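# Geometric and topological summary
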Amino acid sequence: MSAQNKATLSFTDGTPSVEFPIYPGSVGPDVVDIRKLYGQTGKFTFDPGFLSTAACESKITYIDGDKGELLYRGYPIEQIAEKCDYLDTCYLLLNGDLPDAQQSKDFSYLVMRHTMVHEQMTRFYQGFRRDAHPMAVLVGCVGALSAFYHDSLDINNPEHRMISSIRLVAKMPTMVAMAYKYSIGQPFMYPKNDLSYTANFMRMMFGNPCEEYVPNPVLVKALDRILLLHADHEQNASTSTVRLAGSSGANPFACIAAGIATLWGPAHGGANEACLVMLNDIQKQGGVAKIGEFISQVKDKNSGAKLMGFGHRVYKNYDPRAKLMRETCYEVLGELGLENDPLFALAMKLEQIALEDDYFVQRKLYPNVDFYSGIVQRALGIPTEMFTCIFALARTVGWIAQWGEMISEPDQKIGRPRQLYTGAARRNFK
Ligand code: SDX
């Protein structure tokens, strides 16, 4: 990074002013490099929630929140959604460029030959109650995966990093499907490597040993698009967790388990499940006729109600993924003859009313990726409590690409934020 400009910080408390280099991005905001601030002034910056803090340099994904633009390695998400499948998107995020036909074939062959998990893994699932939330199962089992690869991984060896990335991308569909099968008391389905990545996942989810399962290509394509829309998204909460966990040298399986735990929250990846619960509640209370009342509740801070699937830390415009997700909704509902799905109609009416309401307009609150994803996943037959597991499956490639980028940084350090301490000063026992 080369600095053309500088920032000067002056103080009114007598601390001498200090200069900091400013580095430009290839696109997006410049950064002020304040790494020397504490050493030169004895002061910290204060930015809980990281509203104005770049925690790293990255070349993987870029979001322009004002334009509502999302780029994977420079390619707009709209073009990726139209021209790529999920595995080609994984290749792009992991390697920095789109694969040619041979590379795409080789990558798909490699991933599809790592889809099985150690047979011993089934014992971990059996330790859970059948009604355990599948995200609890996934956090536990992906963390347990590290026990099987803990010693065969030198994170400083690029080859080892790539094989761990392949293993995680390959095994997540198997482990997510196992969580679902376990919750409904059906036997686990083994992967079928001659199917595509997403068709194989659908078969493991919805197939059973008693009959052939033939995936519907329209539905496979729709789910494949849902996966690629969720693949990566800059330094969101779960990705930042994976980077921080990885900065200590923890193995990538443990880091991904930490990412899954963070994604679970309703403010983050858990919003798709929460959004469908919200839509169902409104529907039960009267549907479209009750939207006005719900919006009033949302605007009343004391109600604690939020319009789930709306708002975003970065997007202050329409989330481009939400637009593509709405299109996918049309396709899937059309294919299934559910064009008049009441929840889809309710969601579109809710979106229209919210986008005309000053409360949302002033705060630049728009639908995000989670607003429509629940409706389309439900139409695909995925139960609500599995939605965030699907998000975790899709985001694993983003997490592991960001982890790999962080580990290969030459001056990579353990992440260790400081604090503003306002507790008791030193005192002695009386
Ligand atoms: C994801 O970071 C990522 O990239 C995440 C993600 C990814 O791909 O990794 O995009 C995936 O997590 C999408 C977001 C899913 N979450 C939800 O849909 C939950 C509902 N949304 C909110 O909780 C909220 O919008 C956040 C958490 C997403 C963002 O919160 P911020 O940036 O901290 O903003 P804020 O909470 O300070 O909100 C600013 C104002 C507040 O009102 P005022 O204090 O100004 O009066 O907007 C209000 C908030 O109360 N507000 C909402 C709202 N979101 C924000 N009011 C009602 N409903 C909402 N959804």
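Residues numbered from 1 in each chain as written. Predicted model: local features only at pLDDT ≥ 70, side-chain atom pairs only at ≥ 80, totals over all residues. Heavy atoms only, no water.

### Quick look at the site of the ligand
Test applied: The rule for a residue being near a molecule or strand is that one of its heavy atoms must lie within 4 Å of it. Under the rule applied, a polar contact is a pair of N or O atoms within 3.5 Å (in protein, one hydrogen donor and one hydrogen acceptor; residues adjacent in sequence only if both atoms are side-chain atoms). Per-residue accessibility takes into account occlusion by the displayed protein chains alone, with areas from the Shrake-Rupley method and a 1.4 Å probe. As a working rule, the residues Ala, Val, Leu, Ile, Met, Phe, Trp, Tyr, Cys and Pro are called nonpolar, Asp, Glu, Lys and Arg charged, and the rest polar, with Gly in that last group.
The immediate surroundings of the ligand are formed by 24 residues, with His233, His312, Arg313, Arg321 and Arg395 found nearest. At a separation of 3.0 Å, an oxygen atom of the ligand approaches a polar side-chain atom of Lys301. One nitrogen or oxygen atom from the side chain of His312 is found 2.6 Å from an oxygen atom belonging to the ligand. Burial of the ligand by the protein chains amounts to 75% of its free accessible area of 1,000 Å². Looking at the shell around the ligand, its residues break down into 10 nonpolar, seven polar and seven charged.

### As for unusual backbone geometry
Basically, it comes down to this: Numbering of helices and strands runs from the N terminus; a helix is a DSSP stretch of H or I covering at least four residues, while a strand is a stretch of E covering at least two. Throughout this description, buried means an accessible area under 20% of the type-specific maximum (1.4 Å probe, protein chains only), exposed means over 50%, and partly exposed covers the range between.
Unlike most non-glycine residues, Phe50 shows phi in positive territory, near 55°. When you line up the elements, Phe50 lands in the loop between helix H1 (37-41) and strand E4 (61-64). The class for Phe50 is exposed, based on a relative accessible area of 54%.

### Some words on the sheet that holds strand E5 (residues 69-72)
Using the following cut-off: Strand pairing requires that DSSP identify at least two bridges connecting the strands.
The strand order E4-E5-E6 describes an open sheet built from three strands, whose pairing is antiparallel. The sheet is open, and its two borders are formed by E4 and strand E6 (75-76), each paired with just one other strand. Of the pairings in the sheet, the one linking E5 to E6 comprises two bridges and is antiparallel in character. From the neighbouring strand, Leu71 faces E6, where its bridge partner is Pro76.

### Notes on the pairing of strand E2 (residues 18-23)
Each regular strand carries side chains that alternate between the two faces of the sheet. Where strand E1 (residues 5-9) lies against E2, five bridges are found, and the strand directions are antiparallel. From the neighbouring strand, Asn5 faces E2, where its bridge partner is Ile22. Sheet topology note: the E2/strand E3 (residues 31-32) ladder contains two bridges and is antiparallel. By the bridge assignment, Ile22 is partnered in E3 with Val32.

### Topic: the side chain of His230
As for its position among the elements, His230 is in the loop between helix H9 (217-229) and helix H10 (237-247). Judged by its relative accessible area of 2%, His230 falls in the buried class. From its side chain, His230 meets the backbone oxygen of Ile226 in a polar contact 2.7 Å long.

### Some thoughts on the nonpolar core
Going by this rule: The nonpolar core is taken to be a set of buried Ala, Val, Leu, Ile, Met, Phe, Trp, Tyr and Cys residues, with the residues joined through side-chain atoms within 4.5 Å. Any pair of residues with heavy atoms lying within 4.5 Å of one another is described as a contacting pair.
Within the largest apolar cluster, 119 residues are counted, with the highest numbers of intra-cluster contacts made by Leu138, Met278, Leu279 and Leu350. At 14 residues, helix H18 (residues 387-407) tops the list of elements feeding residues into this core. The contact partners of Leu138, leaving out residues within four places of it in the chain, are Gly143, Met172, Met175, Val176, Ile260, Cys389 and Ala392.

### What to know about the packing of aromatic side chains
Given two aromatic rings, one states the distance between the centres and the angle between the planes to describe the pair. To keep things clear, this is the line we draw: Side-chain rings of Phe, Tyr and Trp, where Trp is taken by its six-membered ring, are said to pair if the distance between their centres is within 6.5 Å; with planes under 30 degrees apart they count as stacked, over 60 as edge-to-face, and otherwise as tilted.
Throughout the structure, instances matching the rule amount to 14 aromatic pairs. Seen from their ring centres, Phe310 and Phe371 are 5.2 Å apart, and the 85° between their planes marks the pair as edge-to-face. Taken together, the residues span a long stretch of sequence, with Phe310 in the loop between helix H13 (291-299) and helix H14 (320-335) and Phe371 in helix H17 (residues 369-379) at a distance of 61 residues. Grouping residues by exposure puts Phe310 and Phe371 together as buried. With 5.1 Å between their ring centres and 70° between their planes, Tyr359 and Phe360 make a pair best called edge-to-face. A relative accessible area of 15% places Tyr359 in the buried class. Assessed through its relative accessible area of 2%, Phe360 is described here as buried.

### Re the sheet that holds E1
Strand order across the open sheet formed by three strands is E1-E2-E3, with antiparallel pairing between neighbours. Two strands close off the open sheet at either side, each with one partner strand: E1 and E3.

### With respect to the pattern of salt bridges
Definition in use: Here a salt bridge means any side-chain nitrogen of Lys or Arg lying within 4 Å of a carboxyl oxygen belonging to Asp or Glu.
Taken as a whole and judged by the stated rule, the model has 16 salt bridges. Taking the shortest distance from any N to any O, the salt bridge between Asp194 and Lys192 comes out at 3.2 Å. Relative accessible area serves as the criterion here: at 60%, Asp194 is assigned to the exposed category. With relative accessibility at 27%, the residue Lys192 sits in the partly exposed group. The partner of Arg378 in a salt bridge is Asp341, with the nearest N and O atoms 2.6 Å apart. Here Asp341 lies in the loop between H14 and helix H15 (342-356) and Arg378 lies in helix H17, a separation of 37 residues in the sequence.

### Some words on the packing of helix H6 (residues 134-149) against helix H7 (residues 158-184)
Counted only if it meets this: Interaxial angles span 0 to 180 degrees and are taken between N-to-C directions of axes, which are lines fitted to C-alpha atoms, for helices over the stretch in contact. For this classification, under 35 degrees means roughly parallel, over 145 means roughly antiparallel, 65 to 115 means roughly perpendicular, and everything else is oblique. Less than a right angle of anticlockwise turn of the near helix away from the far helix marks a crossing as left-handed, whereas a clockwise turn marks it as right-handed.
For the pair H6 and H7, the least separation of the axes is 10 Å and the interaxial angle reads 135°. Accordingly, the angle class assigned to the pair H6 and H7 is oblique. Considering how the two elements wind past one another, H6 and H7 form a crossing that is right-handed. The segment H6 lies against H7, with Pro134, Val137, Leu138, Cys141, Val142, Leu145 and Tyr149 engaging Arg167, Lys171, Met172, Met175, Val176 and Ala179.

### Here we look at the packing of helix H3 (residues 86-95) against H7
The geometry of H3 relative to H7 is characterised by a closest axis approach of 12 Å and an angle of 155° between their N-to-C directions. Looking at the two axes, H3 sits roughly antiparallel to H7. Crossing handedness for the pair H3 and H7: right-handed. Contacts from Leu87, Cys90, Leu94 and Asn95 in H3 reach Met162, Ser165 and Val169 in H7. Here the contact of H3 with H7 is composed, by residue class, of five nonpolar, two polar and no charged.

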